[in-house]
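Each chain, written out:
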Amino acid sequence: MLLIPELSTDRLNLKVLQAEDATKVVAYYLRNQEFLADWEPVRSAEFFTEEFQKKQLAKDFELMHKGRMMRLWIFKKGNNRVIGCISLNNIIRGIFQSAHLGYKLDQAEINQGLMTEALEKIIEFAFYQLRLHRLEANIMPRNERSQRVVEKLGFHKEGLAKRYLQINGVWEDHIHFVILNENG
Ligand SMILES: CC(C)(COP(=O)(O)OP(=O)(O)OC[C@H]1O[C@@H](n2cnc3c(N)ncnc32)[C@H](O)[C@@H]1OP(=O)(O)O)[C@@H](O)C(=O)NCCC(=O)NCCS
């Protein structure tokens, strides 16, 4: 079973949400529908409903209990509005001890170092509490903002995977960016 953490940084609280928090998640996705479209899978109309997000949050919670993923939603301290999330997906143990990292912010909050600050905390948690060995972020060559984030955090480039993920309906090349736990 995965520990279900609540983490904080200087400016942020990072929390697990449950089904009853779905309205906050829907509000985040509706506000950022256009902003996220270029970087995410095509979303159905249903995705933006409370019913869908309730089910999604319940599924996430179950996976977290099984130790297979972790998703923390981002809040500014003193504010109850979701401004993004960070996910550790596909947590694999055994001889791999690795996960895929995903993250997104609110368009109104970009370029203030907030995602870098949140990721620093999550990486520390992943390496020292979950004892993972490797985190991999996959980033499209044109997503310069996201590349800058992982560069600031010390990830290294492992290479280009051709037509790797289907983003906004197109199989897009992605660069594998990796950070290793030097103590584990
Ligand atoms: C990627 C994302 C999470 C970054 O969050 P953020 O809080 O703005 O990130 P930070 O402020 O910590 O860092 C952004 C960096 O990119 C730089 N940057 C911004 N626009 C840029 C551009 N067009 N080209 C190059 N660098 C750029 C900023 O100057 C900053 O670097 P600096 O600190 O050296 O000045 C956010 O833009 C987002 O949610 N994007 C949409 C979803 C997404 O792309 N997710 C990642 C998929 S791999």
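For the structure, check the block above.
My aim in this report is to walk through the structure given alongside it, one point at a time. (Residues numbered from 1 in each chain as written. Predicted model: local features only at pLDDT ≥ 70, side-chain atom pairs only at ≥ 80, totals over all residues.)

A look at the sheet that holds strand β3 (residues 70-76)
Line of reasoning, step 1. The sheet built from eight strands is open, its strands ordered β1-β2-β3-β4-β5-β6-β8-β7 with mixed pairing. Of all strands in the sheet, those bounded by a partner on one side alone are β1 (7-8) and β7 (156-167).
Line of reasoning, step 2. Sheet analysis places β3 next to strand β4 (residues 82-92), joined by five bridges and oriented antiparallel. Bridging from a neighbouring strand, W73 pairs with C85 of β4. (Pairing = 2+ DSSP bridges. Helix = DSSP H or I, 4+ residues; strand = E, 2+ residues; numbered from the N terminus.)

A word on the site of the ligand
Line of reasoning, step 1. Around the ligand, the surrounding shell holds 19 residues, and the nearest of these are I110, M115, T116, E144 and R148.
Line of reasoning, step 2. Elements with a contribution of two residues or more to the shell around the ligand: β5 (98-105), α4 (114-128) and α5 (144-153).
Line of reasoning, step 3. Counting residues per element, the shell around the ligand draws most heavily on α5, at five residues.
Line of reasoning, step 4. Taken together, the residues of the shell around the ligand break down into nine nonpolar, six polar and four charged. (Near = placed C-beta within 6 Å. Nonpolar A, V, L, I, M, F, W, Y, C, P; charged D, E, K, R; others polar.)

Quick look at the pairing of β7
Line of reasoning, step 1. Of all twelve residues in β7, zero are buried, a share of ten percent or less.
Line of reasoning, step 2. By the bridge criterion, eight bridges tie β7 to strand β8 (residues 170-180) in an arrangement that is antiparallel. Note that in β8 the partner of I167 across the bridge is V170. (Buried ≥ 20, exposed ≤ 12 C-beta atoms within 10 Å, placed from the backbone.)

A short note on unusual backbone geometry
Line of reasoning, step 1. For Q97, which is not glycine, the phi torsion reads 50 degrees and is therefore positive.
Line of reasoning, step 2. Structurally, the position occupied by Q97 is in the loop between β4 and β5.
Line of reasoning, step 3. The class for Q97 is partly exposed, based on 17 C-beta atoms found within 10 Å.
Line of reasoning, step 4. One non-glycine residue, N111, lies in positive phi territory at about 65 degrees.
Line of reasoning, step 5. Summarising the element assignment, N111 is placed in the loop between β5 and α4.

Quick notes on α4
Line of reasoning, step 1. With 15 residues, α4 should cover 21 Å at 1.5 Å per step; its first-to-last C-alpha distance of 21 Å lies within 8% of that length.
Line of reasoning, step 2. Those residues of α4 lying buried are M115, A118, L119, I122, I123, A126 and F127. On an axial view of α4, the arc spanned by its buried residues comes to 155 degrees, and they lie on one face. In this structure, α4 carries E124 and Y128 as exposed residues pointing more than 90 degrees from its buried face. (Expected span 1.5 Å × (residues − 1). Arc of directions from axis to C-beta.)

Examining the nonpolar core
Across soluble globular proteins, nonpolar side chains have a tendency to be buried as a group.
Line of reasoning, step 1. With 40 residues, the main nonpolar core has I74, A118 and A126 as its most contacted residues.
Line of reasoning, step 2. Setting aside residues up to four positions removed in sequence, A118 forms contacts with T9, L12, L14, I74 and I86. (Core = buried A, V, L, I, M, F, W, Y, C linked by C-beta atoms within 7 Å. Contact = placed C-beta atoms within 7 Å.)

Some words on the packing of α4 against α5
Line of reasoning, step 1. Where α4 contacts α5, the axes come no closer than 10 Å and their chain directions differ by 50 degrees. By the angle class used here, α4 and α5 are oblique. In the crossing of α4 with α5, the sense of the turn from one axis to the other is right-handed. Across from M115, T116, L119, E120 and I123 in α4, the residues of α5 making contact are V149, K152 and L153. (Axes fitted to C-alpha atoms, helices over the stretch in contact; angles between N-to-C directions. Parallel < 35°, antiparallel > 145°, perpendicular 65-115°, else oblique. Left-handed = near helix turned anticlockwise from the far one by under 90°.)

Things to note about the environment of E182
Line of reasoning, step 1. Of note, E182 is situated in the segment after β8.
Line of reasoning, step 2. For the pair E182 and I95, spaced 87 residues apart in the sequence, the C-alpha separation amounts to 16 Å.

Observations concerning the environment of L7
Line of reasoning, step 1. On the secondary structure map, L7 appears in strand β1.
Line of reasoning, step 2. Distance in space between the C-alpha atoms of L7 and L72 is 8.7 Å, their sequence separation being 65 residues.
Line of reasoning, step 3. Setting aside chain neighbours within four positions, we find L7 in contact with L14, L72, K121 and F125.

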